[in-house]
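Chains, contacts and geometry: an overview
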Amino acid sequence: MFKAKKVKDSKQEPKKIKRASKHSAILRGFKDILPEHMCYWQHVYNLAHKLFFDYGYGQIEVPLLEQTSLYKRTIGEHTDIVTKEMFTFEDKGGDSVSLRPELTPGIARAYVEHGMLNRPQPVKMYSIGPLFRYDRPQAGRFRQFHQLDMEIIGDENPIADAEIIFLSYLFCKKLGIDVVMHINSLGMPESREEYIKLLKEYYKPKRRLLCEDCKKRLTKNTLRLLDCKEPSCRDLTQEAPQLIDYLDDESKQHFVRVLEYLDESEVPYELNPFIVRGLDYYNRTAFEIMPVFEKAEEDKIPQAIGGGGRYDQLIELIGGRPAHGVGMAFGLERLIDVVHKSKKDSVKRKRPQVFLAQLGEEAAKRAFPLFERLRESGICVRANFSKSGLKQQLEIADKLGVVYSVILGQKEFLDETIIIRDMENGIQEVVDLEKIVDELKKRLKNHE
RNA sequence: GCGGCUAUAGUUCAAUGGUAGAACAUCGGUUUGUGGUACCGAAUACGAGGGUUCAAUUCCCUCUAGCCGCCCCA
């Protein structure tokens, strides 16, 4: 991207290269996950695979790219996600395709397309992967982000809702973070629509008292009115009719039973009538996971690290035979951020145990297969064969935080011996090269 | 999409209307084989464009990006 005029002066060649590389920067709202941060991701992944296997969830992966219409139909034609946040483009065949902004539609599609309703119901699945939304980047919000998603499809029973919420809670607990589940019931679409009518009628005479945003919400997104942080709107909201009082009887029953199950499994939750979710396919149970911080830490309202709910119409929407469903997803960047900040951050980076240092051509040659011998025997070993100075190598060993360094120099090479150096106190010992594996293992065992 | 703040080496920060310093990190050396604790040296930066000016990294404008808030969401 650098300008042509700068190319004129050939003396500036190195500078130009530097500049050019600056211009080819990462896309807005996208993030690299660097090696030193990967331990958090691996920790989350490992925990997820274990937990979901234990609870009988199968892992599924669905494409990053799907027909745009899949998302329009499921998430909702008029939602923000579909109208302005999707990476949508035409492929070479002229079809409109979109990078997935959500995991659930793809999984539901797979359920229908692979005839999963012929499997024992319900079908339990989980999925981990990147999602894309063309949104303005902000704290905890990126254009490519990752979710851990779980779904139970083919189960109307409130215990399925409770299981999803329970597993979400359990997962947070395993990660060592404190959370509380904010939970609500949206009822069925019909009862919800009736409630929205009521809500409009309630606010309309008071329109003048609302903030500018809420005036728009009144017609476009009435439920969101309840969520406004303006004090004047809040006052009005206090007296507003509550969704929960207008639920159809079956939904009410369903909700009560979900809560009973949650009480039984000791999941901490709060009823929150303002959880409405931004996707059209939700009905009945809706919930969000809010992290709980020590009070000194945060003066702002914490962001939800996950959310989900029931979607009993979704499968039918995409052309399958009707099947009930309930699911949730964690935002992994936010989740990891909370783990990172929490005092119980238990994620430890794996440290290598031994550094193998070599001196001289002959020793280096011998050290190379020795590395493999150590690795094969289960010792976590590191080396840098292209460095020749012992000082440099010990420096690296120190930075890696190894317990022992082993030094193979020209002298040791000739004697068929090797030095073991205790990195904590600098005490060295010469041992037979033959016995190095046993000697190291013996010492490492004592060290534990 | 709207608003606020910011933009100097890999990182964290300085200084300055006359083109920039430090710390840490990186690489190399201190007579040839010893780190965590010395000393010396090297490479690396004013986000982009325009304007004011004899002169701009410094002042002004635009753009871009980052952070934060709104909207929305994970």
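Residues numbered from 1 in each chain as written. Chains lettered and ligands numbered in written order. Predicted model: local features only at pLDDT ≥ 70, side-chain atom pairs only at ≥ 80, totals over all residues.

1. Description of the overall build of chain A
- A tally of regular secondary structure across chain A gives 16 helices and 16 strands.
- In terms of C-alpha radius of gyration, chain A reaches 29 Å, well past the compact-globule figure of 22 Å for 448 residues.
- Principal axes of the C-alpha set define a box for chain A whose edges measure 95 × 70 × 50 Å.
- By the burial criterion, 34% of the 448 residues in chain A qualify as buried.
- A separation threshold of at least 6 residues defines the contact pool for chain A, and within that pool the share at least 24 residues apart is 68%. (Helix = DSSP H or I, 4+ residues; strand = E, 2+ residues; numbered from the N terminus. Rg over C-alpha atoms; globule rule 2.2 N^0.38 Å. Buried ≥ 20, exposed ≤ 12 C-beta atoms within 10 Å, placed from the backbone. Contact = placed C-beta atoms within 7 Å.)

2. Remarks on the sheet that holds strand β2 (residues 65-67)
- Spatially, β2-β4-β3 is the arrangement adopted by the 3 strands of the open sheet, whose pairing is antiparallel. Strands with a single pairing partner mark the edges of an open sheet, and in this sheet they are β2 and β3 (88-90). Strand-to-strand twist in this sheet, taken as the mean axis angle between neighbours without regard to direction, amounts to 35 degrees.
- Note that β3 and strand β4 (residues 96-99) share 3 bridges and pair antiparallel. Directly across from Phe89, in β4, lies its bridge partner Val97.
- Helix α3 (residues 68-75) contacts β2, β3 and β4 of the sheet and is inclined by roughly 75 degrees relative to β2. (Pairing = 2+ DSSP bridges. Axes fitted to C-alpha atoms, helices over the stretch in contact; angles between N-to-C directions.)

3. With respect to the pairing of strand β7 (residues 179-185)
- Summarising burial for β7: 5 of the 7 residues are buried, a large majority.
- Alignment of β7 against strand β8 (residues 269-271), held across 3 bridges, turns out to be parallel. Looking at the pairing, His182 lines up with Glu270 of β8.

4. A closer look at unusual backbone geometry
- Look at the link from Gln121 to Pro122: it is a cis peptide, with omega at -5 degrees.
- With respect to the helices and strands, Pro122 occurs in the loop between α5 (104-113) and β5 (123-132).
- Even without glycine at this site, Arg284 takes up a positive phi of about 50 degrees.
- Looking at the element boundaries, Arg284 is found in strand β9 (residues 283-291).

5. Regarding the environment of Arg257
- Looking at the secondary structure, you find Arg257 in helix α10 (residues 249-264).
- For the pair formed by Arg257 and Ile159, sequence separation is 98 residues and the distance between their alpha carbons is 7.8 Å.

6. Things to note about α10
- With 16 residues, α10 ought to run about 22 Å at 1.5 Å a step, and its terminal C-alpha atoms sit 23 Å apart, in line with that.
- Those residues of α10 that fall on the buried side of the exposure criterion are Ser251, His254, Phe255, Val258, Leu259 and Leu262. Relative to the axis of α10, the buried residues are bounded by an arc of 135 degrees and lie together on one face. Of the residues in α10, the exposed ones pointing more than 90 degrees away from the buried face are Asp249, Glu250, Gln253, Val256, Asp263 and Glu264.
- Of the surrounding elements, those touching the buried residues of α10 are α6 (158-174), β7, α7 (189-203), β8 and β9.
- Phi turns positive, to about 60 degrees, at Glu266, one or two residues after α10. (Expected span 1.5 Å × (residues − 1). Arc of directions from axis to C-beta.)

7. Section: the domain arrangement of chain A
- For chain A, the assigned domains read domain 1 (35-188 + 248-341) and domain 2 (354-447).
- Put simply, the middle of domain 1 and the middle of domain 2, counted by C-alpha atoms, are 49 Å apart. (Domains from an automatic or database assignment.)

8. Overview of the pairing of β5
- For β5, the buried fraction is high: 8 of the 10 residues fall into the buried class.
- As defined by bridge partners, strand β1 (residues 58-59) adjoins β5 across 2 bridges and the pair is classed as parallel. Bridging from a neighbouring strand, Gly58 pairs with Met125 of β5.
- Examined bridge by bridge, β5 and strand β6 (residues 144-153) share 10 bridges and lie antiparallel to one another.

9. Notes on the sheet that holds strand β16 (residues 428-432)
- The mixed open sheet is built from 5 strands, whose spatial order is β13-β12-β14-β15-β16. Two strands close off the open sheet at either side, each with one partner strand: β13 (381-383) and β16. Sheet twist, expressed as the mean angle between neighbouring strand axes with direction ignored, is 30 degrees.
- Pairing of strand β12 (residues 354-358) with β13, which is carried by 3 bridges, proceeds in the parallel orientation. Looking at the pairing, Val354 lines up with Val381 of β13.
- Its contacts with the sheet put helix α13 (residues 361-376) on β12, β13 and β14 (404-408), and the angle it makes with β12 is roughly 165 degrees.

10. With respect to the environment of Tyr57
- Tracing the chain through its elements places Tyr57 in the loop between α2 (38-54) and β1.
- Along the sequence, Tyr57 and Ser127 sit 70 residues apart, while their C-alpha atoms lie 9.6 Å from each other.
- For Tyr57, the contacting residues outside a window of four places in its chain are Phe52, Lys124, Met125, Tyr126 and Met150.

11. Describing the environment of Asn221
- Of note, Asn221 is situated in the loop between α8 (212-220) and α9 (231-239).
- On a C-alpha basis, the gap between Asn221 and Thr79 in space is 9.5 Å, while along the polypeptide they are 142 residues apart.

12. What to know about the packing of α3 against α5
- Interaxial distance between α3 and α5 falls to 10 Å at its minimum, and their mutual angle equals 105 degrees. Considering the angle they form, α3 stands roughly perpendicular to α5. Here Leu70, Tyr71, Thr74 and Ile75 of α3 come into contact with α5, specifically with Pro105, Ala108 and Arg109.
- Class assignment for the residues of the contact of α3 with α5 results in 5 nonpolar, 1 polar and 1 charged. (Parallel < 35°, antiparallel > 145°, perpendicular 65-115°, else oblique. Nonpolar A, V, L, I, M, F, W, Y, C, P; charged D, E, K, R; others polar.)

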